[in-house]
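# An overview of the molecular structure
Now for the letters of each chain:
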Amino acid sequence: MEEKNLYPTICPYCSLGCGFFLEVKEGKVAGLSYMPGHPVNEGSLCPKGNASTEILTHPDRLLHPLQKTETSWKEIGWEEAMSLAATKMGSALKEYGPDALAFLGSAKCSNEENYLFQKIARLLGTNNVDNCARLCHASTLTGLGKSLGAGAMTNPLSDLENSDCIFVVGSNFAENHPVISRWILRAKERGAFVIVADPRRTPSTWLSDLFLRLRPGTDVALLNGMMHVIVSEGLQDREFIRKRTLGFERLEKILSEYAPEAASAITGVPAGDIIKAAREYAKANAAAILYSMGITQHISGTDNVIACSDLALICGQVRKKGAGIFPLRGQNNVQGACDMGALSEYFPGYGKVGDKEAAARLKKIWAAEKLSEKPGLTTAKMSEAAHAGKLKALYLLGEDPVNSHPDSLNVRKALEKLDFLVVQDIFMTDTAEYADLILPAAAWAEKEGSFTSTERRVQWVSRAIAPPGEAKADLEILQGFAEKLGLGLEYRDAGEVLAEISRAAPMYGGITKERLLQAYGVSWPCPESGHPGTPIMHTERFNTPDGLARLIPVEYRLPAESPEPAYPFLLTTGRTGLHYNGGSMSRRSSFLLEKEPELFVEINPSDAQTMKIEEGNNIILETRRGSTQAKARLTERVSRGVFFMPFHFSGTNMLTGDALDREAGIPEFKVSACRVRRV
Ligand SMILES: Nc1nc2c(c(=O)[nH]1)N[C@H]1C(S)=C(S)[C@@H](COP(=O)(O)OP(=O)(O)OC[C@H]3O[C@@H](n4cnc5c(=O)[nH]c(N)nc54)[C@H](O)[C@@H]3O)O[C@H]1N2
Ligand SMILES: Nc1nc2c(c(=O)[nH]1)N[C@H]1C(S)=C(S)[C@@H](COP(=O)(O)OP(=O)(O)OC[C@H]3O[C@@H](n4cnc5c(=O)[nH]c(N)nc54)[C@H](O)[C@@H]3O)O[C@H]1N2
Ligand code: SF4
Ligand SMILES: [Mo]
């Protein structure tokens, strides 16, 4: 009998990049074992990581290419599928021009796959390529891009252990990035002070020394209020401000309007707590800011991120151990999908679309005659263009917009309007139901490639088992498609694609497959071979042209929707620990589904009493967009007047609206006005 082999791999769920070993016996996954040496998780995994192998063998896996017929689906061969995809996309291109095509990349796919995907789009003449970062950390790219010159986490996750103060703003890390709790707990053991700003009580707020329960969407007022205290008490780092930043005077001017009492009136946080938080953060030897969707998914997402960065910069809380800004990314490869240029406004390595020099570099590497200079459509704009009849064909790689994009009834209508939709996924999704062609993809353990975690750690995943049925690695499918379109794109394997990436994206300059195969990967920027990688960024200079960070004043603005007589409550959406995003993966884990089987909505008990709603009642939530039914869960986790609903089961995004942050194009998933009734 064959021995049990161990294959090192990376968890396919969230962005932390936790490592473990797949146990493979006779070509099949027999289980997993822990990897105590891994620098991020030291062997530990959260429930999703532990349940991750279940999806590999799930009976719902897509096994064959499927073509839509009048009544259902027909299995077809790969040759026919590739011809169909190329003919349909090709004829839309010929008839309507390149901008009638769009490509949604996948934060669940490898760097090599996303790189090839955006290359196909751009060689066809369009920048209409995007990925789910648009719904997630687009405001980090714009906000930190402006202030630090790079929209990425500054320090490694394990460095949180060295922090003396950890300020968490709009992140429920204990449920959504559970493994970092170990580093935060170690910091607490050393005496660190933990502050959490969140409208809800969550397992993360339970770990805090100070809980700032602010009103949804008021973070700029809170952060400006803290900066007001710091500057008026002279706690800022004057030398750092003078030597490494520009713009302090302009920032200082607007802070005068945010005295603690004024900030308290907007946020609902007691003025004394704002003062306490400001002093703890500014006086700490090393203080870290951790943030995530609670501040990015607002129409003021970019402003929120800038305010976090301003706070860190005026206190000099960057460039050193235990300090820094930690935007907790979401998907296992959302950092990589962005680095690879699966974004409408950026080429690989963040060269700006429209920048002549960036285009010239890329044209040389690709031996391309021409690249479009026009920024492409972002996710939301793709939907608009489909409605307007301007977008004709969409290639969707590993994303489930029907469950994950805002105003989903409208998304469904947009998908119906397309002449041709191809969906490439590991499972049949609610979105795939709208496809003309479905392509079955191999899951992470069934293929090889690199993935970049939230701390910029690029890690290699090797193929441990064969994909089921006729499913193929995404890279292979994309190459087949490109070949039919006459684009060439012949690469021996993912390693050869990575070699091209290292030329196209300067921060990957020294990263090769061979190097990644040595323990636990490398953190970019790694500009040339032999470079050790960069765990802490901005130690000497920022990524701006002159090396200085920008302090940028931002003002508090109201969210797009506020409670009003017809919709008197506030709905906020997000996550729970046991499910994942649109649910296509986690709802297929019996382990996870058993513990969290259905859609629920959190209601404050006093609101429930007024409306005669009891625990477990089915209730209907309505917004201007639509209505959804969910089980009532009575809990003090939410304040009066606020409802919380996760989006892991179909229906939640029928409620959310498509108001966008102007710069980043991110939707305001965190605030909708709603009303509620019993079924
Ligand atoms: N278990 C699990 N883990 C996940 C995921 C998952 O679906 N399930 N998804 C992954 C992905 S893609 C992402 S992006 C991350 C997201 O991880 P998180 O950002 O932690 O997720 P959310 O639950 O969306 O929101 C975080 C917190 O923001 C709070 N919040 C809401 N509005 C506001 C506000 O106006 N201000 C402030 N300060 N806080 C506010 C919410 O109450 C919530 O506690 O998680 C990743 N990890
Ligand atoms: N209401 C509300 N909506 C939200 C949010 C919120 O907080 N509230 N958060 C937003 C955020 S932060 C995000 S990131 C988005 C996430 O939005 P999506 O990216 O749509 O979320 P997922 O459900 O993770 O979808 C990933 C898809 O990839 C497939 N997949 C997995 N592995 C592979 C693979 O190897 N190859 C291929 N081809 N496919 C694969 C999965 O089966 C799944 O269908 O949702 C957003 N939507
Ligand atoms: S914390 Fe994230 S990467 Fe780690 S095991 Fe859990 S889901 Fe996987
Ligand atoms: Mo995300």
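Each residue is numbered by its place in its chain's sequence as written, counting from 1. All chains are assigned letters beginning at A, and all ligands numbers beginning at 1, according to the order in which they are written. Side-chain atom pairs in this predicted model are given and counted only at pLDDT of 80 or more, local residue features only at pLDDT of at least 70, and totals for whole chains, interfaces and linings cover all residues. Hydrogens and water molecules were not included; the side-chain quantities draw on all heavy atoms of the structure.

With that settled, the discussion passes to the overall build of the protein chain. Numbering of helices and strands runs from the N terminus; a helix is a DSSP stretch of H or I covering at least four residues, while a strand is a stretch of E covering at least two. Helices and strands together make up the secondary structure of the protein chain, namely 24 helices and 26 strands. Projecting the C-alpha coordinates of the protein chain onto the three principal axes gives extents of approximately 70 × 65 × 60 Å. Buried positions account for 65% of the 679 residues belonging to the protein chain. Residues are treated as being in contact if the distance between any of their heavy atoms lies within 4.5 Å. Summarising the internal contacts of the protein chain: among those between residues at least 6 apart in sequence, 74% fall at separations of at least 24. Distance from the positive charge centre (77 side chains) to the negative charge centre (82 side chains) of the protein chain: 3 Å. We call a residue buried when its accessible area falls under 20% of the maximum for its residue type, exposed when it is over 50%, and partly exposed in between, using a 1.4 Å probe and counting protein chains only. Neither His nor the chain termini are counted; the positive set is Lys and Arg, and the negative set is Asp and Glu. The location of each charge is read from NZ of Lys, CZ of Arg, CG of Asp or CD of Glu.

What follows concerns helix H3 (residues 111–123). One less than the residue count of a helix, multiplied by 1.5 Å, gives the span that helix is expected to have. Spanning 13 residues, H3 covers 18 Å between terminal C-alpha atoms, matching the ideal 18 Å at 1.5 Å per step. With respect to burial, H3 is a largely interior element, twelve of its 13 residues being buried. Gly 125, located one to two residues past H3, shows a positive phi value of around 105°.

A few words on the site of ligand 2. By nearness alone, 33 residues border ligand 2, and Asp 400, Ser 404, Asp 425, Ser 584 and Asn 653 come closest of all. In the model, a nitrogen atom of ligand 2 is placed 3.0 Å from a nitrogen or oxygen of the Gln 424 main chain. Measuring from an oxygen atom of ligand 2, one finds a side-chain N or O atom of Ser 584 at 2.7 Å. Protein burial of ligand 2: of its 920 Å² of free accessible surface, 98% is covered by the chains. Those elements giving two or more residues to the shell around ligand 2 turn out to be strand E15 (420–425) and strand E21 (569–574). Each residue gets one of three labels, nonpolar for Ala, Val, Leu, Ile, Met, Phe, Trp, Tyr, Cys and Pro, charged for Asp, Glu, Lys and Arg, and polar for the others, Gly among them. A class-by-class count of the residues in the shell around ligand 2 yields twelve nonpolar, 13 polar and eight charged. Near, as used in this document, describes a residue that has one of its heavy atoms within 4 Å of the molecule or strand being considered. Polar contact is defined as a pair of N or O atoms within 3.5 Å, subject to the rule that within protein one atom must be able to donate a hydrogen and the other to accept it, and that residues adjacent in sequence are counted only when both atoms are side-chain atoms. All accessibility values rest on the Shrake-Rupley procedure with a 1.4 Å probe; residue burial counts only the protein chains present in the view.

We now examine the packing of aromatic side chains. Classification of ring pairs rests on two measures: the distance between centres of Phe, Tyr or Trp rings, Trp counted by its six-membered ring, which must be within 6.5 Å, and the angle between planes, read as stacked under 30 degrees, edge-to-face over 60 and tilted in between. Applying the stated rule across the entire model yields ten aromatic pairs. Centre to centre, the rings of Tyr 346 and Tyr 350 are 5.5 Å apart; their planes meet at 75°, and the pair counts as edge-to-face. Arranged with centres 5.0 Å apart and planes meeting at 70°, the rings of Phe 569 and Phe 643 form a pair that is edge-to-face. A residue pair is termed long-range when its members are at least 10 positions apart, and Phe 569 in strand E21 and Phe 643 in strand E25 (residues 642–646) qualify at 74 residues. The structure contains a cluster of three or more aromatic residues connected by ring pairs, namely Phe 103, Phe 117, Tyr 395 and Phe 481. Two conditions define a charge sitting above a ring: the NZ of Lys or the CZ of Arg must be within 6 Å of the ring centre, and it must be within 35 degrees of the ring normal. A cation over an aromatic ring shows up here: Lys 392 above the ring of Tyr 96, its NZ or CZ 4.6 Å from the ring centre. Sitting above the plane of the Phe 427 ring, Arg 588 keeps its charged end 4.3 Å from the centroid.

Here we take up the side chain of Asp 219. Here Asp 219 lies in helix H8 (residues 219–232). We count a salt bridge whenever a side-chain nitrogen from Lys or Arg sits within 4 Å of a carboxyl oxygen from Asp or Glu. Buried charged residue Asp 219 carries no salt bridge. Nearest counter-charge: Lys 670, at 11 Å. Discounting chain neighbours no more than four positions away, the residues touching Asp 219 are Val 169, Leu 214, Gly 294, Ile 295 and Asn 304.

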